[in-house]
Number of protein chains: 2
Amino acid sequence: MIQIAIMGLGTVGTGVARVVAENSRQIERKLGEPLQVKTILVRHFKDGPYRQLMTDDFKKIEEDDSIRVVVETIGGVGAAYEYTKRALMAGKHVVTANKQLVAEKGCELLALAKKKNVNYLFEASVGGGIPVLHPLTQCMAANRIDEVYGILNGTTNYILTRMVRTGAFFADALREAQAKGYAEADPTADIEGIDAGRKICILADLAFGHQVDPDKVPMEGISKLSLRDVKLAERAGYRIKLLGRAVRLPGGRTAYVAPHLIPEDNPIAGVEDVFNAVVIRGNATGDVMFYGKGAGEMPTASACVADVMEALQASPRREEIGWSPDTDGFEDPAELHTRYYFRIEGSLADAAMSFGQVEVLSEDGETAFLTDRISGLEVQQQAKNLKILACMRVLP
Amino acid sequence: MIQIAIMGLGTVGTGVARVVAENSRQIERKLGEPLQVKTILVRHFKDGPYRQLMTDDFKKIEEDDSIRVVVETIGGVGAAYEYTKRALMAGKHVVTANKQLVAEKGCELLALAKKKNVNYLFEASVGGGIPVLHPLTQCMAANRIDEVYGILNGTTNYILTRMVRTGAFFADALREAQAKGYAEADPTADIEGIDAGRKICILADLAFGHQVDPDKVPMEGISKLSLRDVKLAERAGYRIKLLGRAVRLPGGRTAYVAPHLIPEDNPIAGVEDVFNAVVIRGNATGDVMFYGKGAGEMPTASACVADVMEALQASPRREEIGWSPDTDGFEDPAELHTRYYFRIEGSLADAAMSFGQVEVLSEDGETAFLTDRISGLEVQQQAKNLKILACMRVLP
């Protein structure tokens, strides 16, 4: 019998307890012995099936040598950071779905895990139940990773899907997402691209081997997106999706989050509703895409439990996960060259004055057009006399 | 310096040597020391960059204690089987892309590897460079796997794509695939579903934990597929794809390969050209899809090299890969219930006589229709008086 603890009993924490119970046969067959949740750390006791496992005293976990793995589902940095450090110091493996903590403190926590000869694993922090980080670090280990991009946030993808399908305005689609439980009462982290931003930081850390400072990563959400752009893009054969994107550059790397126009024959253009998808470009494999439900109690929890099993089986620890704390070489995404979509208050002549020849999508009081491939820096210079209503990158 | 050997210097073997050389920096960073190909087993010496590494004597590998991993890219069962056994007996890890050998002898070779405390890894045998087997066995380890299906053969998917896009007949599309190097001079294993069949056996072995005997798996290819069915299906909102499919049944499991009608809003319906995609349905994750180039020198080779790295890092060995030799519980796929597509020489009345109410797709001398959900056994009985021109399952 292998004992584990869960810290936090929200959606993911409850899911972890459920997966351990409901899939006990599968888990025991693979581990060779049963897995059991012994202790659950909560702030406030509440009735329910796990009442007798609850404690509000972290020491009950920290000092219990029979607990070999701790699943942290508290979220945020404060208590989660503190308890993760102490659990690792106590020689326990730690598994988490906490993308904020991994994005901000992952490098430090991995170094501590290494020092204590235990694992710190976080497959569930990106893509929920979709395997992404293990395939990236393990199955694609013989590749130079050149780019990673993806639809990393299900809430915003649901809102965009509703806008496209029903012609709903952003605010209405957001209310619908909230009514369905896909968006939180305060949806800021989702719709402003912050959640996707944390995930692209983790992907960039692992893909390029250097810490990416989340504060340096430009994060733009979909709250300013207009239905008009969605329709114009669709008419021209593009879908608009909020992408996190990390790119290897000649002397370094960059990462950012922003809405993009995606050609409709790119498989990621067809990813709808709350589904997520991540594309990883290896120099040997080419583009590989991972697709599925990026959130939800059971998918995310099952990824945590798989990491628990992995932590127990990797003896003494998985070596290939980790990255350098050195943040040098991170460049502004304005260095990247792509095509740009513009909608301006003005005429085609105004557009041509700034960008030379462009591909016109609409001339109707406003003018919508696509530029040639240019850098973000050139955009800033050349567009400075335009009255810009919308500006987005086009995925190559 | 870690030394490895390659057996066979065809497309994949050459790719392995290239990946080891071209991505040496990435590999060394992850392994902590350089990786080097020391010996390559060939049948006939030939000039080229690897001339000085070649031997035609397997003992040069078998008896060389400095060689820790052997990559088998010979293919088939004969020599590949013999040398794999001997390499494992000699205490070396073995990595392969050889789906025939894994499908037929994998269970036995894994047992031998376990006995000798080494790894036998074969990520590249399914999906080429797309991570599929590791995610299935590792990242989704906390799931009960209920179904796996996929486009597992790039050659047939290319032919089908050409038929849909250009209206080419099967024979012409096949010739085009051969001209482009996507299909071999003898294309039997691809177009008759045998290659996809071996892969679905491996997926079923790992997903359900029991050996699936390839001889018991019905394999139907695309050589009898008519352009007329492709067009009728498309008009009704379906794409035809050759799928390998493995399903958990109440008391057991089944697996088979056959062309299917797939609703066009299923992401796998949009998988075109030589791309592969595999969908894995876990009871916690729901459907997860893996997509990318399923073949080719560099993608497949990079998966082999990742397995080499994995074999060296998993100390002493990865425990979670393996399955029972017990083949009991394998059932005929005719047990499955699905909708069926029929094209018959006859009228709608004939169709209704056999199946009651059906969904008519075409009445034009011939009649094309979709049945309700029925079992393959019912199909055999109810359709026995019909003049069947085409009959395919519809993916739910």
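In this report, the structure presented in the accompanying data block is examined. (Residues numbered from 1 in each chain as written. Chains lettered and ligands numbered in written order. Predicted model: local features only at pLDDT ≥ 70, side-chain atom pairs only at ≥ 80, totals over all residues. Heavy atoms only, no water.)

**A word on the overall build of chain A**
Helix and strand content of chain A: 14 helices and 16 strands. Here chain A has a C-alpha radius of gyration of 23 Å; the compact-globule value for 396 residues is 21 Å, and the two agree. For chain A, the spread of C-alpha atoms along the principal axes amounts to about 75 × 45 × 35 Å. Buried positions account for 60% of the 396 residues belonging to chain A. (Helix = DSSP H or I, 4+ residues; strand = E, 2+ residues; numbered from the N terminus. Rg over C-alpha atoms; globule rule 2.2 N^0.38 Å. Buried < 20%, exposed > 50% of the residue type's maximum accessible area, 1.4 Å probe, protein only.)

**Focus on the pairing of strand β13 (residues 359-364) of chain A**
Note on strand geometry: in a regular strand, side chains alternate between the two faces of the sheet. Residue and element names in this part refer to chain A. By the bridge criterion, 5 bridges tie β13 to strand β14 (residues 366-370) in an arrangement that is antiparallel. Bridge pairing in β14 links Asp-364 to Glu-366. Between β13 and β14, which pair antiparallel in sequence order, lie 1 residue; one of them, Gly-365, sits at a positive phi of approximately 80°. (Pairing = 2+ DSSP bridges.)

**A word on the packing of helix α4 (residues 78-89) of chain B against helix α5 (residues 99-115) of chain B**
All names here are of chain B. Look at α4 against α5: their axes get within 10 Å of each other, and the N-to-C directions meet at 15°. With respect to their mutual orientation, α4 and α5 come out roughly parallel. As α4 packs across α5, the resulting crossing turns out to be right-handed. The segment α4 lies against α5, with Ala-80, Tyr-81, Thr-84, Lys-85, Leu-88 and Met-89 engaging Leu-101, Lys-105, Glu-108, Leu-109, Leu-112 and Ala-113. For the contact of α4 with α5, a count of residues per class yields 8 nonpolar, 1 polar and 3 charged. (Axes fitted to C-alpha atoms, helices over the stretch in contact; angles between N-to-C directions. Parallel < 35°, antiparallel > 145°, perpendicular 65-115°, else oblique. Left-handed = near helix turned anticlockwise from the far one by under 90°. Contact = heavy atoms within 4.5 Å. Nonpolar A, V, L, I, M, F, W, Y, C, P; charged D, E, K, R; others polar.)

**Some words on the relation of the copies chain A and chain B**
Structural alignment of chain A on chain B gives an RMSD of 0.0 Å, achieved by rotating through 180° and translating 0.0 Å along the axis. In short, the pair behaves as if placed about a two-fold rotation axis. Taking C-alpha positions as reference, the residue of chain A nearest the rotation axis is A:Phe290, located at 2.4 Å. An overlap of 100% is found between the interface residues of chain A and their copies at the interface of chain B, pointing to a shared contact surface. (Least-squares fit on C-alpha atoms with pLDDT ≥ 70 in both.)

**Observations regarding helix α1 (residues 11-22) of chain B**
Spanning 12 residues, α1(B) covers 16 Å between terminal C-alpha atoms, matching the ideal 16 Å at 1.5 Å per step. Tucked into the core, α1(B) has its buried residues touching β1 (2-7), α2 (24-31), β2 (35-41), β4 (67-72) and α12 (297-313) of chain B. (Expected span 1.5 Å × (residues − 1).)

**Some thoughts on the environment of B:Val230**
Residues and elements named next belong to chain B. Here Val-230 lies in helix α11 (residues 227-235). Taking the relative accessible area as the measure of exposure, Val-230 reaches 5% and is therefore buried. Counting along the chain gives 66 residues from Val-230 to Val-164, while the straight-line C-alpha distance between them is 6.6 Å.

**Points about the pattern of salt bridges**
Residues and elements named next belong to chain B. This model, assessed by the stated rule, comprises 48 salt bridges over all chains. A salt bridge links Lys-99 to Asp-195; the shortest N-O distance between them is 3.2 Å. Here Lys-99, found in helix α5, pairs with Asp-195, found in helix α10 (residues 194-208); they are 96 residues apart in sequence, far enough to count as distant. On the basis of relative accessible area, Asp-195 is assigned to the buried category, the value being 6%. Arg-245 serves as the salt-bridge partner of Glu-147, at 2.8 Å between the closest nitrogen and oxygen. (Salt bridge = Lys/Arg side-chain N within 4 Å of Asp/Glu carboxyl O.)

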